[in-house]
Amino acid sequence: MPKVLVTGGAGYIGSHTCVELLNAGYEVVVMDNLCNSKAGVLDRIETITGKKPAFIEGDVRDYDAVKRALCGVDGVIHFAGLKAVGESVKKPLLYYDNNLGSTITLLQAMEEMGVNAIVFSSSATVYGDPATVPVKEDFPLSCASPYAYTKYMCERILEGACVANENLSALLLRYFNPIGAHESGIIGEDPNGIPNNLLPYIAKVAVGQLPKLTIFGDDYPTRDGTGVRDYIHVVDLAKGHVLAMDYALTHKGAEAINLGTGSGSSVLEVFHAFERACGRELPYMIGPRREGDVPEYFAETTKAKELLGWVAEKDIDDMCADTWRWQKGNPNGYEE
Ligand code: NAD
Ligand code: UD1
């Protein structure tokens, strides 16, 4: 079976993707500098799959280290990057250096080593505030933060590299809102500090580490006034990466593809789904809108189905049940 280098493979989406790659028979090498993850996740991947990925602790901006990591590799899935939107506004140079630097270094090393398939973690954030929903891949792009610009620019860099090298294949996967955890409860999301994102925040309220959820606005033009997003189960997302790698290994050129479920849930709907998952009512209050938030977006998913044969299978109740299982069993994440 082909061998895949997974950069950022110790992180949230990367670790779930390693599980699905190993289950599909791929050989996996992880390269991660552990700036936002812990090496212990690799043992947990082994607990789930019976196989431990090879691990290189290193930075994807280190050209020689990446070249060594690419020995015998057929394709790359590039998750490594910084992802906190608010932090990117405060530290733009850190974000441009890390996210652009890692992508450029990786592409240079791939060229040198003759590796011609890459799957890249982009984000629905490149659509900005879309004029209509569902959001299609050919909609105009616009960026509201340095983080969003890094995703936009990496997409253009990858497209340019595919024009220059006709053997190269690049899939630009635009994720909507990944949530959930592996159904075993053994791996999941482990954010540092107080979470910014909705699901990790609710999970910490449910486990008693935060007093209550503040809902950022209930006066949006949506069905219940709260923001609507396309939440996608991280295991569905991970399976999408396996299919994307299969595709990249057998095609040429660049393709941007949305990975979402194709329908939206409101903040209140997600909150009540989490209450069902943990079996009790949870405290919340309505607060002001959060700056920069858009009212509603969800994905048009036809392209993923047509090109990759991929559709999301899990619903919001699965996502909340799996998040709760992970949070309850690991109240302090990967800390023992
Ligand atoms: P994560 O922080 O859990 O994983 C990223 C991993 O990359 C971490 O393990 C980190 O240690 C590593 N890393 C960062 N910079 C590195 C570098 N220079 N060299 C080596 N390793 C490095 O994040 P995630 O949620 O798993 O996201 C993975 C990718 O998907 C990121 O590129 C992110 O921007 C993108 N994405 C995430 C979301 C989301 O909601 N989680 C949404 C859209 C896109
Ligand atoms: C954010 C990022 C986006 C990233 C995505 C996935 C911004 C502007 N965008 O999107 O780039 O890809 O995360 O992780 O930051 N909410 C509350 N209370 C909370 C937290 C969130 O009401 O404590 C609401 C938000 O207003 C929003 C919804 O929940 O309506 C989802 O928020 P969040 O999980 O932060 O994701 P996004 O803002 O969609």
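Rules behind the numbers
- Starting from 1, residues in each chain are numbered consecutively following that chain's sequence as written.
- By the order in which they are written, chains take letters starting at A while ligands take numbers starting at 1.
- Local features are withheld for residues below a pLDDT of 70 in this predicted model, meaning they are given only at 70 or higher, and side-chain atom pairs are given and counted only at 80 or more; totals for whole chains, interfaces and linings count all residues.
- In computing side-chain values, all of the structure's heavy atoms are included and hydrogens and water are not.
- Here a residue counts as near a molecule or strand whenever at least one of its heavy atoms sits within 4 Å of it.
- Any N or O atom pair separated by 3.5 Å or less is treated as a polar contact, with the protein-specific requirement of one donor-capable and one acceptor-capable atom, and with residues adjacent in sequence counted only for side-chain atom pairs.
- We get accessible surface area from the Shrake-Rupley algorithm with a probe of 1.4 Å; when it comes to residues, only the shown protein chains can shield them.
- In DSSP terms, a helix is any run of H or I states spanning at least four residues, a strand is any run of E spanning at least two, and both are numbered starting from the N terminus.
- Note on definitions: salt bridges are taken to be side-chain nitrogens of Lys or Arg within 4 Å of carboxyl oxygens of Asp or Glu.
- In this scheme, a residue with accessible area under 20% of its type's maximum is buried, one over 50% is exposed, and one in between is partly exposed, where area comes from a 1.4 Å probe on protein chains only.
- Criterion used throughout: strands pair if DSSP finds at least two bridges between them.
- To obtain an axis, a line is fitted to C-alpha atoms, over the contacting stretch when the element is a helix, and the angle between two such axes runs from 0 to 180 degrees between their N-to-C directions.
- Note on definitions: a residue-residue contact is assigned when non-hydrogen atoms from the two residues lie within 4.5 Å.
- Polar here means any residue outside two lists: the nonpolar Ala, Val, Leu, Ile, Met, Phe, Trp, Tyr, Cys and Pro, and the charged Asp, Glu, Lys and Arg; Gly therefore counts as polar.
- A pair of aromatic rings is counted whenever rings of Phe, Tyr or Trp (Trp by its six-membered ring) have centres within 6.5 Å, and the orientation is called stacked for planes under 30 degrees apart, edge-to-face for over 60 and tilted otherwise.
- Any Lys NZ or Arg CZ that is within 6 Å of a ring centre and within 35 degrees of that ring's normal is treated as a charge sitting over the ring.
- Site definitions follow a grid-based scheme: protein atoms alone, a 1 Å grid, a 1.4 Å probe that fits but cannot get out for cavities, and for pockets an open set with protein on both sides within 12 Å along at least five of seven lines, plus lining residues having an atom within 4 Å of a point.
- Grid points are joined across faces, edges and corners, and a volume is the space filled by probe spheres set on the points.

Draft legend 1. Layout of the site of ligand 2. The full set close to ligand 2 counts 19 residues, and T214, F216, R229, R290 and D293 are the nearest of them. A distance of 2.9 Å is found between an oxygen atom of ligand 2 and a backbone nitrogen or oxygen belonging to L198. Between ligand 2 and the protein, one listed contact pairs an oxygen atom with a side-chain N or O atom of R290 at 2.8 Å. Against a free-state accessible area of 740 Å², the protein chains account for coverage of 86% of ligand 2. Here the element with the most residues in the shell around ligand 2 is strand 8 (residues 213–216); it accounts for four residues.

Draft legend 2. Expanded view of the pattern of salt bridges. In this structure the tally under the stated criterion is 18 salt bridges. The partner of K38 in a salt bridge is D190, and the shortest N-O contact between them spans 3.7 Å. Highlighted residues: K38 in the loop between strand 2 (27–32) and helix 2 (41–49) and D190 in the loop between strand 7 (177–179) and helix 7 (198–206), separated in sequence by 152 residues. Close ionic contact of R61 with D97 constitutes a salt bridge, the shortest N to O distance being 3.3 Å. You can see R61 sitting in the loop between strand 3 (54–57) and helix 3 (63–69) and its partner D97 sitting in helix 5 (residues 92–113), a full 36 residues away along the chain. On the accessibility criterion, R61 (30% relative accessible area) is partly exposed. Judged by relative accessible area, D97 falls into the partly exposed class, the value being 45%. What emerges from the salt-bridge pattern is a single network uniting E155, R156, E159 and R174.

Draft legend 3. Structural context of the sheet that holds strand 11 (residues 253–259). As summarised here, the arrangement of the seven strands in space is 3-2-1-4-5-6-11, forming an open sheet in which the pairing is parallel. Edge positions in the open sheet fall to strand 3 and strand 11, since each of these has one partner strand only. Ignoring which end each strand starts from, the neighbouring axes of this sheet average 20° apart. The pairing of strand 1 (residues 3–7) with strand 4 (residues 75–78) spans four bridges and is classified as parallel. Residue V6 lies in a different strand from strand 4, and its bridge partner there is I77. Helix 8 (residues 234–248) contacts strand 1, strand 4, strand 5 (117–123), strand 6 (169–175) and strand 11 of the sheet and is inclined by roughly 160° relative to strand 6.

Draft legend 4. Unusual backbone geometry, seen in detail. Backbone torsion omega between V133 and P134 reads 0°, so that peptide bond is classified as cis. Mapped onto the elements of the fold, P134 is located in the loop between strand 5 and helix 6 (146–164). Positive phi, close to 60°, is recorded for L34, a residue that is not glycine. Relative to the helices and strands, L34 resides in the loop between strand 2 and helix 2.

Draft legend 5. Summary view of the site of ligand 1. Among the 27 residues in the neighbourhood of ligand 1, the closest are listed as D32, N36, S37, K83 and Y147. Here a nitrogen atom of ligand 1 and a backbone polar atom of N33 are 3.1 Å apart. Separating a nitrogen atom of ligand 1 from a side-chain N or O atom of D59 is a distance of 3.1 Å. Only helix 1 (12–23), strand 5 and helix 6 provide two or more residues apiece to the shell around ligand 1. Looking at which element gives the most residues to the shell around ligand 1, the answer is strand 5, with three residues. When grouped by side-chain class, the residues that make up the shell around ligand 1 number eleven nonpolar, eleven polar and five charged.

Draft legend 6. Spotlight on helix 7. The element helix 7 is largely enclosed, with a buried count of nine among its nine residues. Listing the buried residues of helix 7 in full gives L198, L199, P200, Y201, I202, A203, K204, V205 and A206. Buried-residue contacts for helix 7 involve strand 7, strand 8, strand 10 (231–233), helix 9 (267–278) and helix 11 (316–329). G208 sits one or two positions beyond helix 7 and adopts a positive phi of about 85°.

Draft legend 7. Representation of the packing of aromatic side chains. Here the structure, examined in full by the defined rule, presents five aromatic pairs. With centroids separated by 5.0 Å and ring planes inclined at 65°, the aromatic side chains of F271 and Y284 adopt a geometry described as edge-to-face. Separated by 13 residues along the polypeptide, F271 in helix 9 and Y284 in strand 13 (residues 284–287) bring together distant segments of the chain. The ring of Y152 has R156 lying over it, and the distance from NZ or CZ to the ring centre is 4.7 Å. Stacked on the ring of Y220, the Lys or Arg R289 has its end atom at 4.0 Å from the ring centre.

Draft legend 8. Structural view of the layout of surface pockets. Within this model, the second largest pocket holds a volume of roughly 210 Å³. Taken together, I104, L107, Q108, M110, E111, V115, N116, I157, A161, A164, N165 and L168 make up the lining of the second largest pocket. Of the residues forming the lining of the second largest pocket, the biggest block, five residues, is contributed by helix 5. Across the lining of the second largest pocket, the residue classes break down as eight nonpolar, three polar and one charged.

Note that all results are geometric; they support no functional claim without further evidence.
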